[in-house]
Amino acid sequence: MQLVPTSEQDELRSAVRALLDKQAPRAVRATVDDGAGYDRDLWRRLGTELGVLGLAVPEELGGAGAGHVERAILAEELGRALLPSPFLGSAVLATDLLVGLDDRSGLLGALGSGERMAAVAGVLGPAGDVSVSGGGLRGSAGPVVDATDADDLLVVVDGVVHHLDATGPGVVRTPLRSLDPTRRHARVDLDGAAATRLGSLDSDALQRVRDLATVAIAAEQTGVMGAAVDRTVAYVSDRVQFGRVIGSYQAVKHGCADMYASTEQAVSAVRAAAWAADHDPDALPLPAAVARVFVGPAAFAVTNSMVQYHGGIGYTWEHDAHLFYKRAKSDELLSGPPGAARARLAELMKV
Amino acid sequence: MAEENWRERLRTWLAEHPPPPEAHTDVAAAQRYQAQLHDAGYAGLTWPKEWGGQGLGAVEAQAFAEESAAADLPTRPFMIGMGMTGPTLVDLGTPEQKRRYLPPLLRGEEIWCQLFSEPGAGSDVASLRTRAVREPDGSWVLSGQKVWTSNAQWADVAAVLARTDPDKPKHGGITMFVLDMRQPGVTVRPLVDMTGHAPFNEVYLDEARVPADGVLGEVDGGWRAATTMLGHERVSISGMRQRRGRGVTSAALTELAQRRDVAGDPLVRDRLADLYAHERVLELFTDRMRQETAAGVPVGARGSVGKLAGALLAHRGVEVAGHVAGADAVAWEVSDDGEGPGDDLALGIASAPAASIAGGTNEIQRSIIGERVLGLPREPAADRDRPFRDAPTGEVDRAAGSHV
Ligand SMILES: Cc1cc2nc3c(=O)[nH]c(=O)nc-3n(C[C@H](O)[C@H](O)[C@H](O)COP(=O)(O)OP(=O)(O)OC[C@H]3O[C@@H](n4cnc5c(N)ncnc54)[C@H](O)[C@@H]3O)c2cc1C
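Residues numbered from 1 in each chain as written. Chains lettered and ligands numbered in written order. Predicted model: local features only at pLDDT ≥ 70, side-chain atom pairs only at ≥ 80, totals over all residues. Heavy atoms only, no water.

A separate point is the UniProt feature "domain: Acyl-CoA oxidase/dehydrogenase middle" (unreviewed entry) in chain B. Taken from the UniProt record, the annotation "domain: Acyl-CoA oxidase/dehydrogenase middle" (unreviewed entry) applies to residues 113-206 of chain B. Across residues 113-206 of chain B one finds 0% helix and 48% strand; the C-alpha atoms that close the span lie 18 Å apart. (UniProt positions renumbered as here; feature names shortened; annotations may be inferred. Helix = DSSP H or I, 4+ residues; strand = E, 2+ residues; numbered from the N terminus.)

Pasting the structure below:
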């Protein structure tokens, strides 16, 4: 098992980081302060200029043919930058469903170039009550992550994957208020919306899609953690109280050490799970579950410390600390309560 | 492919040569087994061939760690030599020292201990007071007291830190020596720990002798040798699954939960899963550090992450043991063979604090991470820059903690 990145993987990271360092802060504030949608230009640049939106898509399906280790690197950088983007809906859930279906409709290409954005109902989060009736779909689902900005919707009903034009007749999307202002969710109401049946996935295949999403979310969380550590260390190295920088106080220094220690462990867990996704797919469920159980609470604890060691300024809207805190908590809960994650792990451990 | 063959051969060898049960209680049996391991090519995997090692890489080391975990090898007598003093000799020893000490170390013929801590110098080991004075012939005479020395009851050789120049600031006047433990100037007294066993000792040095070529590293350069060794120590401790903690691992507790018929209890399942995740993630972190080392990225102070996480894990195991065992961890019947079902649990519970004290306490590990990894300001120290002889002392009175 390879837990150390190759030099190509390091280059991928630097390229993504360089772009996001320049572009993400403005995009974050546009969404957080002005309620702007996802930055389509930036998303397209990620898709075309860097070619990183189809990293885990095989070449014969029009992707980059790299892998989940590479996609985890992208996820980490997106998490670091807190970029409001359809990563989870479009580049993870929809993409993995389409890869699972071996879909050649051309949608994978459009998602991979960033030309179109997709969201998925019926895989992560509450199932909703969508059913097939006549030629169309009826019922509602939500929260559906990234549905607000989506061009395409994939709705999974009883293992069958349906494709819908998100802007078509019979589809109503109601934006929801979210804990994390950098990630947009919607309720989707379908009233006889026309849908194309793309194919169906059995429960193992659907579980693989969930496990891959788990790995991507955990990777994103490690990016959140890394940024929280870096920014907190920078702040406590600078802020002076009682005539000394606060990072010289042991309570603060040791807290930073704990933040770093759990981040380094989380990174190891994610690399192992991403490696399994590529090289040992049958064994993926266990490392994916381990990553989720460890990283979820750890990421939130780290961001909580971030707010704490920033003091009052960390509690302001203007400062980014709350965005890390909220991203960490919503990532932790996105696919259900932490107890459910541990229950699944206990199942896999055969307790 | 070559790796798979190697692993396959190792697995076969371990299956055909399991350690005899008495190797865990009888040190001579453990030594015989270690010699067998060495003969088969499974000792000192990553050490240079010329010093009796195998000259292999991280891949084999990891395979060995994985394959040998289940075999429960009798490693305790050799852990200081293998994990700490041996690697330090590889780093800093003279060719003569390596030739003299490494092969018998790997074969288990000579057992090592580490004489650092003193009654007044634990976390602050650089404040040690054991003196080493040079004789006209260049040899050294050591006097002082060491304490909490693991394995000294068996040790043939020690790596000892002593003060060679009290006029220098405290870190500057220390030297590391290789000390023959089998000599009249060395007295070892067992010290019973909170588990009721005596795995560590007090060691009194009363004009103990070290020949001129017994300096490890440079004269007055002992601090560098000490930090080299402490770095190895942190890595080896975090990679080590201590036998004494085996009662409170997720595997043992899962088995216990099934035996007690509480494995269906959602809280028990929840806690076991959480414990397993933490164990697994620490293993993965350790594997990653091993791979980085092999790739030429030194672990350095990041080894403290593993040391700290391992200590927190031991305490987490104690917490989960309570959920699984309930009152069964409080008292139990002893059978005719002198053993009882709660023995391993009790040992796991009582030994957890060792993990957070030995090899540098959790607080010290956090300071190391904060300062050396994250670059935060160092602690203020009252004694760093003045001659050691003027520094304040803080020796403990052990009797003050006793009620008998
Ligand atoms: C099982 C076991 C085996 C051991 N084996 C060996 C061995 O083989 N060889 C050897 O040389 N030693 C050995 N030791 C000793 C061990 O290294 C010391 O006990 C340890 O470093 C702590 O030192 P101390 O006991 O003097 O405690 P102290 O240093 O007095 O610490 C007491 C408390 O104060 C805290 N503290 C101290 N300084 C600071 C600071 N600067 N900031 C914050 N908190 C601080 C500590 O964290 C601790 O909680 C062993 C100890 C144990 C428990």
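All names here are of chain A. When cut into domains, chain A gives domain 1 (7-200) and domain 2 (203-349). Taking the mean C-alpha position of each, domain 1 and domain 2 sit 22 Å from one another. In this assembly, 34 residues from domain 1 lie in contact with 35 residues from domain 2. With both sides pooled, the region where domain 1 packs onto domain 2 buries about 2,800 Å², and carbon together with sulfur makes up 66% of that total. When the buried surface of domain 1 facing domain 2 is broken down by residue, His68, Arg80 and Leu82 rank first, second and third, together holding 20% of it. For arginine 183, the salt bridge identified is with glutamate 220, shortest N-O distance 2.8 Å. The tally of links from domain 1 across to domain 2 stands at 12 residue pairs in polar contact (both at pLDDT 80 or more). At the level of secondary structure, the elements contributing two or more residues to the side of domain 1 that touches domain 2 comprise α1 (7-34), α3 (68-81) and α4 (87-101). (Domains from an automatic or database assignment. Contact = heavy atoms within 4.5 Å. Buried area = accessible area lost by both parts, 1.4 Å probe. Salt bridge = Lys/Arg side-chain N within 4 Å of Asp/Glu carboxyl O. Polar contact = N/O pair within 3.5 Å; in protein donor to acceptor, adjacent residues only side chain to side chain.)

Turning next to the pattern of salt bridges. One pass over the structure, following the stated rule, counts 55 salt bridges over all chains. The salt bridge involving Glu347(A) is made with Arg269(B); its shortest N-O contact spans 3.4 Å. One end of the pair, Glu347(A), is in helix α10 (residues 338-348); the other, Arg269(B), is in helix α8 (residues 266-294), on a second chain. Relative accessible area serves as the criterion here: at 15%, Arg269(B) is assigned to the buried category. Connected via shared salt-bridge partners are Asp180(A), Arg183(A), Glu220(A), Arg327(A) and Asp331(A). (Buried < 20%, exposed > 50% of the residue type's maximum accessible area, 1.4 Å probe, protein only.)

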